[in-house]
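Structural characterization, general
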Amino acid sequence: MSSICVHGLGYIGLPTAAMLANAGHDVYGFDVDANVVSRLSDGIVEINEPGLEEFVIQALDSNRLEIVDEVVVADYHIICVPTPFDERDKKANLCYIESAGHKIRTKLRQADTVILESTVPPGTTEEVLLPILEESGLNAGSDFGLAYCPETVIPGNIIEELRQNARIIGGINQTSTKAAVNLYDSFVEGDIKTASDTTSAEFVKLIQNTFRDTNIALANEVAVLADDYGVDSRETIEMANEHPRVDLLQPGLGVGGHCLPIDPWFLAHNSEHLDLIQTAREVNDSMVDYVISIIREHLNKFYNVKIAILGIAYKGNVDDVRMSPGLRLARKLQSIGKDSDKHDGSRLSVAIHDPHVKDETLSLVSIEDAVRDADAFIIATDHNEFSDLSAPQMKQWMSGDLVVDTKGMLDESEWTTEGFSFEQI
Ligand code: SAJ
């Protein structure tokens, strides 16, 4: 068993630290945020992920996981810090990785291994992290190991996927790769594949998320085309997927979260050859405007109307609103409302309901308050709760009759029978 310092106790670092501790290693969980350190030291887990709290408490109670406010010496350092994305110049901001590297450099010893898990532009491990670590006076490869091993877990099923998913590991030399493989082998039940080098492993992670984003873009374009031809996008996608070599994903309001809308751009960090990938991003981002055009067509006017948005988490059954298309839709409608207000004193009001999100700055309301007297409601996220919506109840509460279901959650005939005007993406 080894000693491990995990840098960054967020969505990935915290479950990883707990997993390693529960597998019998001595783990030190470090975070730069004093608040996170103190709450976790008291056993308070603020990340909303099924099973995570119990899993972390199990690790803390076993004394194999210690939350620390300073980086400690350890056989392994695993970096799980964020790589924020600069929307304007479409570049990754690597400051947290650089800062983690500087902290590790002061504690690095002969034969230790540093593993980067954060999603990064290809080349980051060797070109950004390695030179910082070598400021320690030690040489990467000969004195200490250095590898890249991307996380691949999906929010909502993180603990299971940490164990079950295949892992890709690319080291700067064989010794580094081997040291990293040994560590992941202690808890990963899926295959562990080794890439030729760190850049290949970084590239693999990006093309995995790019594949998903591009596939969803195709599904979104199919949905727009299906509407032009008067056919049901979801029915036709389901049928198309009967073919053994076709596997289209589902259309919707667009793609959110902190991975799919960002990672494809990381491929542009040192290349100008994004074409299909860039178009796919644009198709996904255009879905909010497409839905607004549907609402506009039906309501005929955008003044003195109330629109309810159901679900602003970036996807179903999570509480995370990062880059959420639902939130973008709400903001756009609100800004249209402000404009119409200026011109003719009329109002477009937007009410938002989300049973999973807890954020006081978003003025969330109950479902009844959101849809009461509304002209339209839009399902923007596939939370399980929305599949139980009752058409007669909504009819009673609302003053209008437009339903836009961007997630294929409702049964069209039930809603049209009730007199609703029903649109589905
Ligand atoms: N979405 C669709 N249609 C679909 C599936 C998803 O519109 O058929 C939308 C969702 O509503 C959401 C967005 O895509 O807005 C992203 O959700 P997701 O569930 O596809 O993915 P994430 O962002 O939660 O997690 C992804 C995963 N990547 C892949 O499946 C290739 C996960 O395994 C990665 O670990 C994660 O990114 C990450 O951290 O990179």
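About the thresholds
- Residues numbered from 1 in each chain as written.
- Predicted model: local features only at pLDDT ≥ 70, side-chain atom pairs only at ≥ 80, totals over all residues.
- Heavy atoms only, no water.
- Near = heavy atom within 4 Å.
- Polar contact = N/O pair within 3.5 Å; in protein donor to acceptor, adjacent residues only side chain to side chain.
- Areas by Shrake-Rupley, 256 points an atom, 1.4 Å probe, with all protein chains shown as cover.
- Helix = DSSP H or I, 4+ residues; strand = E, 2+ residues; numbered from the N terminus.
- Nonpolar A, V, L, I, M, F, W, Y, C, P; charged D, E, K, R; others polar.
- Buried < 20%, exposed > 50% of the residue type's maximum accessible area, 1.4 Å probe, protein only.
- Contact = heavy atoms within 4.5 Å.
- Patch = residues over 30% accessible without salt bridge, like charges linked within 9 Å, V, L, I, M, F, W, Y side chains within 5 Å.
- Salt bridge = Lys/Arg side-chain N within 4 Å of Asp/Glu carboxyl O.
- Lys, Arg positive; Asp, Glu negative; His and termini not counted.
- Charge placed at Lys NZ, Arg CZ, Asp CG, Glu CD.
- Pairing = 2+ DSSP bridges.
- Axes fitted to C-alpha atoms, helices over the stretch in contact; angles between N-to-C directions.

A word on the site of the ligand
The full set close to the ligand counts 21 residues, and Glu151, Thr152, Lys205, Arg212 and Tyr314 are the nearest of them. Taking Glu151, its side chain carries an N or O atom lying 2.5 Å from an oxygen atom of the ligand. When the ligand sits alone it has 780 Å² of accessible area, and the protein chains cover 89% of it. Sort the elements by how many residues they give to the shell around the ligand and helix α8 (residues 198–228) lands first, with 5 residues. The residue inventory of the shell around the ligand, partitioned by class, reads 9 nonpolar, 6 polar and 6 charged.

Here we look at the environment of Leu206
Here Leu206 shows up in helix α8. With relative accessibility at 0%, the residue Leu206 sits in the buried group. Considering only alpha carbons, one finds Leu206 and Trp265, 59 residues apart in sequence, at a separation of 9.0 Å. Those residues within four positions of Leu206 in sequence are excluded, and the remaining contacts are Thr119, Val120, Pro121, Pro122, Asp263, Phe266 and Leu267.

Considering the environment of Leu94
Tracing the sequence through the fold places Leu94 in the loop between β6 (91–92) and α4 (95–105). Leu94 gets classed as buried once you look at its relative accessible area, which sits at 11%. Put simply, Leu94 and Val81 are 13 residues apart on the chain and 9.5 Å apart in space, counted from C-alpha to C-alpha. Aside from chain neighbours lying at most four places away, what touches Leu94 is Thr83, Val120, Pro121, Thr124 and Val128.

Considering a negative patch on the surface
Side chains of Asp232, Glu235, Glu238, Glu242, Asp411, Glu412, Glu414 and Glu418 sit close together on the surface and give a patch of like negative charge. Listed by contribution, the elements that provide at least two residues to the negative patch are α9 (233–240) and α15 (412–417). Mapped onto the fold, Glu414 is located in helix α15. Take Glu414: its relative accessible area is 40%, and that puts it in the partly exposed class.

What to know about the sheet that holds strand β7 (residues 113–116)
Strands belonging to one sheet form pairs held by backbone hydrogen bonds; the direction of such a pair is parallel or antiparallel. The 8 strands lie next to each other as β3-β2-β1-β4-β7-β8-β9-β10, forming an open sheet whose pairing is mixed. At either margin of the open sheet sits one strand with a lone partner, and together these are β3 (65–68) and β10 (192–194). On average, each strand axis in the sheet is tilted by 25° relative to the strand beside it, whichever way the strands run. Sheet topology note: the strand β9 (residues 167–171)/β10 ladder contains 3 bridges and is parallel. Bridging across to β10, Ile168 finds its partner in Lys193. Against the sheet, helix α5 (residues 124–134) engages β4 (76–79), β7 and β8 (145–148), with an angle of about 150° to β8. Running at roughly 155° to β9, helix α7 (residues 174–185) makes contact with β1 (3–7), β4, β7, β8, β9 and β10 of the sheet.

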